[in-house]
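Here is how the chains run, residue by residue.
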Amino acid sequence: MSLIPLSRLPDKGILYSRNYIDRLVKNQLLPELVYLSPRKRAFIEEELDRVVAARAAGKSVAEIKALVAEMTASRSRNKGGANGTS
């Protein structure tokens, strides 16, 4: 799993401000960020790539929200690690 910190989003062609990114996350148009420390956040690269690909493919807002919800649910199911503990 690769992580993309907010500072590296321009490398992916994402030039949004941090406030706008937060708004997109809140509206489920981008996946939830992973907190690396209290002041450092990052996206899981595979999740971000899926959303970017969906947007490039012309998916609707509803379809992107469904994709993000699916990724969020998958992340919740996988919480706890390989041995099932948290």
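This structure is a prediction, so every number in the text was calculated from the model and none was measured. (Residues numbered from 1 in each chain as written. Predicted model: local features only at pLDDT ≥ 70, side-chain atom pairs only at ≥ 80, totals over all residues. Heavy atoms only, no water.)

Trainee: For this particular structure, what's the right way to read the nonpolar core?
Mentor: Across soluble globular proteins, nonpolar side chains show a tendency to be buried alongside one another. In this structure, Leu9, Ile21, Leu30, Phe43 and Val51 are the most contacted members of the largest nonpolar core, which totals 18 residues. Of all the secondary structure elements, the ones that give two or more residues to this core are helix H1 (18-26), helix H2 (45-56) and helix H3 (61-78). Looking at this core, the element that brings in the most residues is H3, giving 4 residues. If near-sequence neighbours (up to four positions away) are discounted, Leu30 is found in contact with Ile21, Leu24, Val25, Phe43, Leu48, Val51 and Val68. (Core = buried A, V, L, I, M, F, W, Y, C linked by side-chain atoms within 4.5 Å. Buried < 20%, exposed > 50% of the residue type's maximum accessible area, 1.4 Å probe, protein only. Helix = DSSP H or I, 4+ residues; strand = E, 2+ residues; numbered from the N terminus. Contact = heavy atoms within 4.5 Å.)

Trainee: It is not clear to me how the packing of aromatic side chains should be interpreted in this structure. Could you clarify?
Mentor: Within a pair of aromatic rings, the relevant descriptors are the distance that separates the centres and the angle that separates the planes. Taken as a whole and judged by the stated rule, the model has 1 aromatic pair. Measuring from centroid to centroid gives 4.9 Å for Tyr16 and Tyr20, while their planes differ by 75°, and the two rings are edge-to-face. (Phe/Tyr/Trp six-rings, centres within 6.5 Å; stacked < 30°, edge-to-face > 60°.)

Trainee: Got a minute to help me understand the pattern of salt bridges in this structure?
Mentor: As a working rule, side chains carrying opposite charge can pair if their charged atoms are close by. Enumeration over the complete set of coordinates arrives at 6 salt bridges. Of the charged contacts, one joins Glu70 and Arg50 as a salt bridge, the two residues approaching to 3.2 Å between their closest N and O atoms. Taken together, the positions of Glu70 in helix H3 and Arg50 in helix H2 put the pair 20 residues apart, joining distant regions of the chain. For Arg50, a relative accessible area of 38% gives the class partly exposed. Residues joined by salt bridges that share partners form a network here, namely Lys12, Glu45 and Asp49. (Salt bridge = Lys/Arg side-chain N within 4 Å of Asp/Glu carboxyl O.)

Trainee: Help me understand the sheet that holds strand S2 (residues 34-37) in this model?
Mentor: Pairing between the strands of a sheet comes from backbone hydrogen bonds, and it takes one of two forms, parallel or antiparallel. Sheet architecture is open: 3 strands sit in the order S1-S3-S2, paired in antiparallel fashion. Because the sheet does not close on itself, it has two edges, and the strands there are strand S1 (3-5) and S2. Within the sheet, the average angular offset between the axes of one strand and its neighbour, ignoring direction, is 40°. Contacts from H2 reach S1 and strand S3 (40-44) within the one sheet, and its direction differs from that of S3 by about 60°. (Pairing = 2+ DSSP bridges. Axes fitted to C-alpha atoms, helices over the stretch in contact; angles between N-to-C directions.)

Trainee: Looking at this structure, I do not really get the side chain of Arg41. What am I missing?
Mentor: Assignment of secondary structure puts Arg41 in strand S3. Within the local environment of Arg41, its side chain forms a polar contact with the side chain of Asp22, the two groups lying 2.8 Å apart. (Polar contact = N/O pair within 3.5 Å; in protein donor to acceptor, adjacent residues only side chain to side chain.)

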